[in-house]
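Structural overview
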Amino acid sequence: MVVLEDVTDIRQAEQLKTSFVAAASHELRTPLTSIRGFVATLLQAGEGGFDWETQAEFLEIVDTEAERLGQLLDDLLNTARIESGMAIQFNFTALDLNVLINRVVKLQSSYVRGHAIDVQVGQLPTVMADEGKVLQVLNNLLSNAIKYSPNGGTITVVGVEEQRATDTAPPRNGVRVSVTDQGMGIPKEALAGMFQRFYRVEGSHMVGIKGTGLGLYLIKHLIEGHGGKIWVDSEFGHGSTFSFWLPIEPSSQGPEISENGAGAPK
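Residues numbered from 1 in each chain as written. Predicted model: local features only at pLDDT ≥ 70, side-chain atom pairs only at ≥ 80, totals over all residues. Heavy atoms only, no water.

**A word on the packing of helix H2 (residues 52–83) against helix H5 (residues 215–225)**
At a closest axis distance of 10 Å, the pairing of H2 and H5 adopts a crossing angle of 65 degrees. Classed by the angle they form, the pair H2 and H5 counts as roughly perpendicular. Crossing geometry of H2 relative to H5 is assigned as left-handed. Listed contacts from H5 to Asp75, Asn78, Thr79, Ile82 and Glu83 of H2 are Tyr217, Leu218 and His221. Looking at the contact of H2 with H5, its residues break down into 3 nonpolar, 3 polar and 2 charged. (Axes fitted to C-alpha atoms, helices over the stretch in contact; angles between N-to-C directions. Helix = DSSP H or I, 4+ residues; strand = E, 2+ residues; numbered from the N terminus. Parallel < 35°, antiparallel > 145°, perpendicular 65-115°, else oblique. Left-handed = near helix turned anticlockwise from the far one by under 90°. Contact = heavy atoms within 4.5 Å. Nonpolar A, V, L, I, M, F, W, Y, C, P; charged D, E, K, R; others polar.)

**Some words on helix H4 (residues 131–147)**
Compared with the 24 Å implied by 1.5 Å per residue over 17 residues, the 24 Å span of H4 between its first and last C-alpha is a close match. In terms of burial, H4 is largely enclosed, as 13 of its 17 residues are buried. N-capping of H4 is provided by aspartate 130, with a side-chain oxygen placed 3.1 Å from the backbone N of glycine 132. (Expected span 1.5 Å × (residues − 1). Buried < 20%, exposed > 50% of the residue type's maximum accessible area, 1.4 Å probe, protein only. Polar contact = N/O pair within 3.5 Å; in protein donor to acceptor, adjacent residues only side chain to side chain.)

**Overview of the confidence of the model for the chain**
Caution applies to low-pLDDT parts of the model: their predicted coordinates are not meant to be read in detail. Chain-level pLDDT for the chain is 80 on average; 78% of the residues reach the 70-or-more range. Contacts of residues 253–266 to residues separated by more than four positions or lying in other chains number 45 contacts, the stretch itself having pLDDT below 50. (pLDDT = per-residue confidence, 0-100.)

**A word on the sheet that holds strand E3 (residues 115–121)**
The strand order across the open sheet formed by 5 strands is E3-E5-E6-E8-E7, and the pairing between neighbours is mixed. The sheet is open, and its two edges are formed by E3 and strand E7 (229–234), each paired on a single side. With direction set aside, neighbouring strand axes in the sheet form an average angle of 20 degrees. Bridging between E3 and strand E5 (residues 153–166) involves 7 bridges; their strand directions are parallel. Following the sheet pairing, valine 121 is matched in E5 by glycine 159. The sheet strands contacting helix H3 (residues 97–108) are E3, E5 and strand E6 (169–180), and the helix crosses E3 at an angle near 180 degrees. Here H4 sits on the sheet in contact with E3, E5, E6 and strand E8 (240–247), set at roughly 170 degrees to E8. (Pairing = 2+ DSSP bridges.)

**What about the packing of H4 against H5?**
Relative to each other, H4 and H5 sit at 145 degrees, their axes nearing to 10 Å. For H4 against H5, the interelement crossing comes out left-handed. Contacts between H4 and H5 involve Lys133, Gln136, Val137, Asn140, Leu141 and Asn144 from the first element and Gly215, Leu216, Leu218, Ile219, Leu222 and Ile223 from the second.

**Points about the pairing of E5**
Pairing of E5 with E6, which is carried by 10 bridges, proceeds in the antiparallel orientation. Opposite glutamate 161, over in E6, you have valine 175 as the bridge partner. Between the antiparallel neighbours E5 and E6 lie 2 residues.

**Points about the side chain of asparagine 98**
Inspection of the secondary structure assignment puts asparagine 98 in helix H3. Here asparagine 98 falls in the buried class, since its relative accessible area comes to 13%. What asparagine 98 contacts, discounting residues up to four positions off in sequence, is Val121, Gly122, Gln123 and Leu124.

**Remarks on the pairing of E8**
Counting buried positions along E8 yields 8 of 8 residues, so the element is predominantly enclosed. Burial of E8 is two-sided: the residues Ser240, Phe242, Phe244 and Leu246 facing one way and the residues Thr241, Ser243, Trp245 and Pro247 facing the other way are all buried. Inspection of the sheet shows E6 paired to E8 by 7 bridges, in the antiparallel sense. Bridge pairing in E8 links arginine 176 to tryptophan 245. Examined bridge by bridge, E7 and E8 share 6 bridges and lie antiparallel to one another.

**Observations concerning a negative patch on the surface**
A surface patch of negative charge is lined by Asp51, Glu53, Glu57, Glu60, Asp63 and Glu67. Within the secondary structure, aspartate 63 is located in helix H2. (Patch = residues over 30% accessible without salt bridge, like charges linked within 9 Å, V, L, I, M, F, W, Y side chains within 5 Å. Areas by Shrake-Rupley, 256 points an atom, 1.4 Å probe, with all protein chains shown as cover. Salt bridge = Lys/Arg side-chain N within 4 Å of Asp/Glu carboxyl O. Lys, Arg positive; Asp, Glu negative; His and termini not counted. Charge placed at Lys NZ, Arg CZ, Asp CG, Glu CD.)

**Considering the packing of aromatic side chains**
Counted according to the given criterion, the structure contains 4 aromatic pairs. Cluster of aromatic residues (ring-pair linked, three or more members): Phe38, Phe50 and Phe58. Sitting over the ring of phenylalanine 90, lysine 133 keeps its end group 5.4 Å from the ring centre. (Phe/Tyr/Trp six-rings, centres within 6.5 Å; stacked < 30°, edge-to-face > 60°. Lys NZ or Arg CZ within 6 Å of the ring centre and 35° of its normal.)

**Overview of the nonpolar core**
Proteins that are soluble and globular tend to have nonpolar side chains buried together. By size, the foremost hydrophobic cluster in this structure holds 45 residues, and its most contacted members are Leu97, Val134, Leu138, Leu141, Phe242 and Phe244. Contributions of two or more residues to this core are made by H3, strand E4 (127–129), H4, E5, E6, H5, E7 and E8. Examining the composition of this core, we find that 8 residues originate from one element, H4, more than from any other. Not counting residues within four places of it along the chain, the set of residues in contact with phenylalanine 242 comprises Leu141, Val177, Ser178, Val179, Ile186, Met194, Phe195, Leu216, Trp231 and Val232. (Core = buried A, V, L, I, M, F, W, Y, C linked by side-chain atoms within 4.5 Å.)

Encoded structure:
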C-alpha cells in the first residue's frame, strides 16, 4: 500500500514564514540602527558638542524612528491576534480627521526624498472612530506611497465627505481618504492579492524595497472593523491610489475583529 500526501501548501506556508521572518527582522533593524546611531553621536559629542538646534534635529529623528519601531511591533502583535482568532478591541471617540491627516503628513515628511506632499482636504465632518487605528492606517498608506515611488514625485492626500455602501451595509454618510503616488504602480495581475497576508509583489522593479507583507492585510481588518471599506486603483508604471472610507457613525459601537474579519459588538 502506498500513501501519497500533497504537502505543497505546507511547504509554501513554510517558505512564506521564512521570508516573513527575514523581512520583519530587516524592518525592525532599520529604525533601531538609526536610533542607536544618533544616540551614540550625541553621547560621543558630550556636553556642548552640538548646538541645541542640531540636538533637537537628532532627537526628533530618534523620536520618529522610535514611533516607527513601535508601529512595526503593533503590526506584528495585532496580526498575531487576528491569526490566533483573538479579537482586536476598538475604542471609538469623536475624531477630527483634518487634524489627524496633517499630523501624519508632518510625521512622514521626515522620510521623503525628492517627494512633494500635496494635501487636498476640506473641512471634514467629525467621525466616530478609533484614533490609534486610523492613525495606523494613514501612516501605512503614506509610508507606502513614499517607499514605492523611489524616484520622487507628488504624493496627493485627498479627503472628502462621501456617501457610500459597503458589502454589509446600505449607503451611509462618511469620509473617503485617498493617497495617490506617482510611483511604480502595481501590475494588474497583482491587484487582487494586495490585501492578503504576507503578499508581496515580485519583480525586478522591487529589488531593494523591503516589507513584511502585513501592513495592508492588517489595515484592511482595521477599516472593516469600523464598518468601512478599503481598495486600490493602480496602473503599472503610472502610480497607485489607495483609498479608504469610514462611516460617520459605525454600525455598532466598539466592534471586535477576529480572524475572519467579521465585526461583533462588545
